[in-house]
Amino acid sequence: MAVDELQAIIQRCQILEEADFKGEDFNLFQVAGQKCLEDGYAAQLLEVIQNEKNKVIIKNMGWNLISPLVRCIFMYKQEDDKREHCLRILDQLAQLCNPKELFLGLLEQIEQTSGDQVCQTVMLLLQPLQTVLLKLENKKAYSVGLSLAMIMNQLTSLPVPYTKQQIQEDKLGLCQCCNAVVDFAKPFVNEVVKNTEKSSEYNDMELKEELIKFCMKSLKYPLLTAQLEQLEGIEEHPFRHFATEIIDILWNIRELIPLVFVPHKGKSLPWENQEFADIEQKNSADSLACLSYLMFVQHFGVERFPMVFSPSYLLLCNMTHIEVLLKRTEESVLSKGLDLFESCLLRMEDNSLLHPYLELRVFINVPQDLVKIMTLCPMENMRKKSLSILQLFIDKSDTEGKYTLFRCLLKTSNHAGVEGYIIKNIKDQIHLALTKEYDNVWFTGHHLISLLDLVLSLPEGAETDLLQNSDRIMASLNLLRYLVIKDCESDNQTGVWTTLGKIKQSFLKPLRVGLNMSKAHYEAEIKNKKENRKEAHSSNPVCSVTVSGEKMPAMTTGMQLQVLHSALFTFDLIESVLARVEELIEGKTKAVMDEN
């Protein structure tokens, strides 16, 4: 019987001194204890462990029972008495075993777990692990850091619940586990707080650094990808609670404000391998970006925030974080970047962002990232929000800043729709310059002429793909029409009349030639389709066509004709505006000549 075998080993070891225990004794104790657990004699094993005479034996050998004990706990159902006995054994081992040995045994169990048992195992072992760590005297900070790192590494293998239903179900127990880990860390946070008030000993600083690492890992996972908006029907959102706890830890150890305003604070490990150094830097950037999101969008810990910084300075502090978030493709992360950018901009007055800020590379990179989202992101809500935030950024920039931004985006966006949108904004700024009393040197005179060189041009002259560039061309023609109507040749505030000859040569004439060529090509294509329609119907009514350099999906001849007619309609629209511009220029030029 397993219990008899165990008793025999216990009696043998009771007469030995602690120093006389051999490897064979450890093995026999482990095998007998495991057999007791597996055969259902947990109650008898508990009695052996609780016996005061066996205290020295359990202290040295008890940690060997952790692995079979964990297996048995998961094997029994919640209401089973045997499971309760196993839990009491685990508690006793935490109290009686050698802390160093038991610490390694507990960590080994956490490291070996996987799949849907990760959270169950972690939550089961957190309390005994905490008990053991509090008893450690040497390398306590290192051991706490190792424990937290091991736990977080195991949790990162699990998907983060995102929808309301997923959060409520919490199938793998991640939501519950994250908050349990915070409770596990609290005694060590309190220790740092207590010792910081007394002195700044090196060991305490080590423990503080380990807690900072834990908070940084928690910010990257699960908080960076978690849904953190308040959800109706969930009284206490688990991830919002977890975020609050992480912010509280950073505040209590006096690291919250330094991390928010000094991004590169903290020790960086001297990696010999540059690849590892880059990974650490990226992880740190993700974590700090998430921290800023929590502070400035979700307002966690905002009551502790010093209200002494200008909106422009807050934007400056956050632009690097915004750039980090906007370069990600996951909706949960990308949306955080957009929300953070929007939140910073909404704090500012219109025209209050001074142009020297745009000399910083990040202030150009972020609008370019917005353009990529607007044009490439598959999620419509993200594209629309990016557009509205780009406009907000334009509105907050001062006049010279707007000018710099427009030039940059016209050169780099490579998207006719975006270019057309920027040209409309240029038109609005010119209108303000012409209607307001004070001088605006950036959207009149030689600065504007330099900008118009970018606007009133065709990328490839007469051979430019007019259909693909129709948005830009229409916006450019509308701007030119506005300038010709609004700015009299005698005033010439904008300088457009001075450079009119160049505009005709580099923009209007090539556009006219390109229109004639494009219309002739599409009219011939329509004629060809109509002539071959009967033949196409008799053989295979489905074929493909290339429009604007892109192969269209398979479609019938009728659908192809519809596309071709739509293209012709676009050319007619461009031609009508072009004709009106030419008519206005001719009329105004003739009027001035008549006056002279």
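Since the model is a prediction, treat every value here as computed from it, not as a measurement.

What counts and what doesn't
Residues numbered from 1 in each chain as written. Predicted model: local features only at pLDDT ≥ 70, side-chain atom pairs only at ≥ 80, totals over all residues. Heavy atoms only, no water. Helix = DSSP H or I, 4+ residues; strand = E, 2+ residues; numbered from the N terminus. Buried < 20%, exposed > 50% of the residue type's maximum accessible area, 1.4 Å probe, protein only. Contact = heavy atoms within 4.5 Å. Areas by Shrake-Rupley, 256 points an atom, 1.4 Å probe, with all protein chains shown as cover. pLDDT = per-residue confidence, 0-100. Phe/Tyr/Trp six-rings, centres within 6.5 Å; stacked < 30°, edge-to-face > 60°. Lys NZ or Arg CZ within 6 Å of the ring centre and 35° of its normal. Salt bridge = Lys/Arg side-chain N within 4 Å of Asp/Glu carboxyl O. Core = buried A, V, L, I, M, F, W, Y, C linked by side-chain atoms within 4.5 Å. Polar contact = N/O pair within 3.5 Å; in protein donor to acceptor, adjacent residues only side chain to side chain. Expected span 1.5 Å × (residues − 1). Arc of directions from axis to C-beta. Axes fitted to C-alpha atoms, helices over the stretch in contact; angles between N-to-C directions. Parallel < 35°, antiparallel > 145°, perpendicular 65-115°, else oblique. Left-handed = near helix turned anticlockwise from the far one by under 90°. Nonpolar A, V, L, I, M, F, W, Y, C, P; charged D, E, K, R; others polar. Bend = angle between axes of the 7 residues up to and from the residue.

1. A word on the overall build of the protein
- A count of helical and extended segments in the protein gives 26 helices and four strands.
- Counting across all 596 residues of the protein, residues that qualify as buried make up 49%.
- A fraction of 74% describes how many contacts in the protein between residues 6 or more apart in sequence connect residues 24 or more apart.
- Carbon and sulfur atoms provide 50% of the accessible area of the protein, an area that totals close to 29,800 Å².

2. Focus on the confidence of the model for the protein
- Looking at the protein as a whole, its pLDDT mean stands at 87, while 88% of the residues score no less than 70.
- Below a pLDDT of 50 lies the segment residues 264-269, which in the model reaches five contacts outside its immediate sequence neighbourhood of four places, other chains included.

3. Things to note about the packing of aromatic side chains
- Counted by the stated rule, this structure contains 12 aromatic pairs.
- Ring geometry for F406 against F443: centres 6.0 Å apart, planes inclined by 65°, an arrangement best described as edge-to-face. Here F406, found in helix α20 (residues 399-412), pairs with F443, found in the loop between α21 (416-435) and α22 (445-455); they are 37 residues apart in sequence, far enough to count as distant.
- The class for F443 is buried, based on a relative accessible area of 0%.
- A network of ring pairs unites the aromatic residues F261, F296, F305, F309 and Y313 as a single cluster.
- It is K336 that lies over the ring of Y293; its NZ or CZ is 5.5 Å from the centre.
- The ring centre of Y482 lies 5.2 Å from the NZ or CZ of K427, which sits over that ring.

4. Quick look at the pattern of salt bridges
- If you walk through the whole model with that rule in mind, you get 25 salt bridges.
- Here E38 makes a salt bridge to R71, at a shortest N to O gap of 3.9 Å. Remark: R71 occurs in helix α5 (residues 66-75) and E38 occurs in helix α2 (residues 23-38); sequence separation between them is 33 residues.
- R71 sits in the partly exposed class, given a relative accessible area of 43%.
- Residue E419 pairs with R472 through a salt bridge whose shortest N-O separation is 3.2 Å. Of this pair, E419 sits in helix α21 while R472 is found in helix α23 (residues 470-486), placing the two residues 53 residues apart along the sequence. Each member of the pair, E419 as well as R472, carries the same accessibility label: buried.
- Among the ionic contacts, a cluster of salt bridges with common partners joins R512, K519, D572, E575 and E582.

5. Comments concerning the nonpolar core
- Counting residues in hydrophobic clusters, the biggest one holds 190 residues, and the most contacted among them are L155, L294, L315, F341, L477 and L511.
- Ignoring sequence-local partners within four residues, the contact set of L477 consists of F507, L508, L511, I574, V577, L578 and V581.

6. Topic: the side chain of N179
- Inspection of the secondary structure puts N179 in helix α11 (residues 174-198).
- Among the residues examined, N179 registers a relative accessible area of 12% and is labelled buried.
- Here the side chain of N179 touches P238 through a polar contact of 3.2 Å, landing on its backbone oxygen.
- Excluding anything up to four places from it in sequence, N179 contacts P238, H241 and F242.

7. Some details on unusual backbone geometry
- Of the consecutive residues Y221 and P222, the connecting peptide bond is found in the cis state with omega at 10°.
- One can find P222 in helix α12 (residues 202-223).
- For H299, which is not glycine, the phi dihedral falls at a positive 65°.
- With respect to the helices and strands, the residue H299 is situated in the loop between α15 (274-296) and α16 (311-326).

8. Here's the deal with the environment of E101
- Topologically, E101 is positioned in helix α7 (residues 99-112).
- The class for E101 is partly exposed, based on a relative accessible area of 30%.
- Through-space distance from the C-alpha of E101 to that of M61 is 9.0 Å; in sequence the pair is 40 residues apart.

9. Comments concerning the environment of V455
- Relative to the helices and strands, V455 is located in helix α22.
- Along the sequence, V455 and I426 sit 29 residues apart, while their C-alpha atoms lie 9.4 Å from each other.
- Excluding residues within four positions of it along the chain, V455 makes contact with L410, I423, I426, R472, S476 and L479.

10. Here's the deal with helix α6 (residues 81-96)
- Its 16 residues give α6 an end-to-end C-alpha distance of 22 Å, which sits within 8% of 22 Å, the value for a rise of 1.5 Å per residue.
- Within the sequence span of α6, burial applies to R83, C86, I89, L90, L93 and A94. Buried residues in α6, looked at end-on, bunch into an arc of 140°, giving them a common side.
- With a side-chain oxygen lying 2.9 Å from the backbone nitrogen of K82, the N-terminal cap of α6 falls on D80.

11. A short note on the side chain of S147
- Its place among the elements puts S147 in helix α9 (residues 140-155).
- Owing to a relative accessible area of 0%, S147 belongs among the buried residues under this scheme.
- Those residues in contact with S147, other than ones at most four positions away along the chain, are F103, L107, L129, L133 and F184.

12. Quick look at the packing of α21 against α23
- Where α21 contacts α23, the two axes come as close as 7 Å, and the packing angle between them is 15°. In terms of orientation, α21 and α23 fall into the roughly parallel class. As α21 runs across α23, the sense of the crossing is left-handed. Here A416, G417, E419, G420, I423, I426, K427, I430, H431, L434 and T435 of α21 come into contact with α23, specifically with D471, R472, A475, S476, N478, L479, Y482, L483 and K486.
- For the contact of α21 with α23, the residue count by class is nine nonpolar, six polar and five charged.

13. Re helix α8 (residues 118-135)
- An ideal rise of 1.5 Å per residue puts 26 Å on 18 residues; α8 measures up with 25 Å between its terminal C-alpha atoms.
- Of all the bends in α8, the largest measures some 40° and sits at L126, one to four residues before the proline P128.

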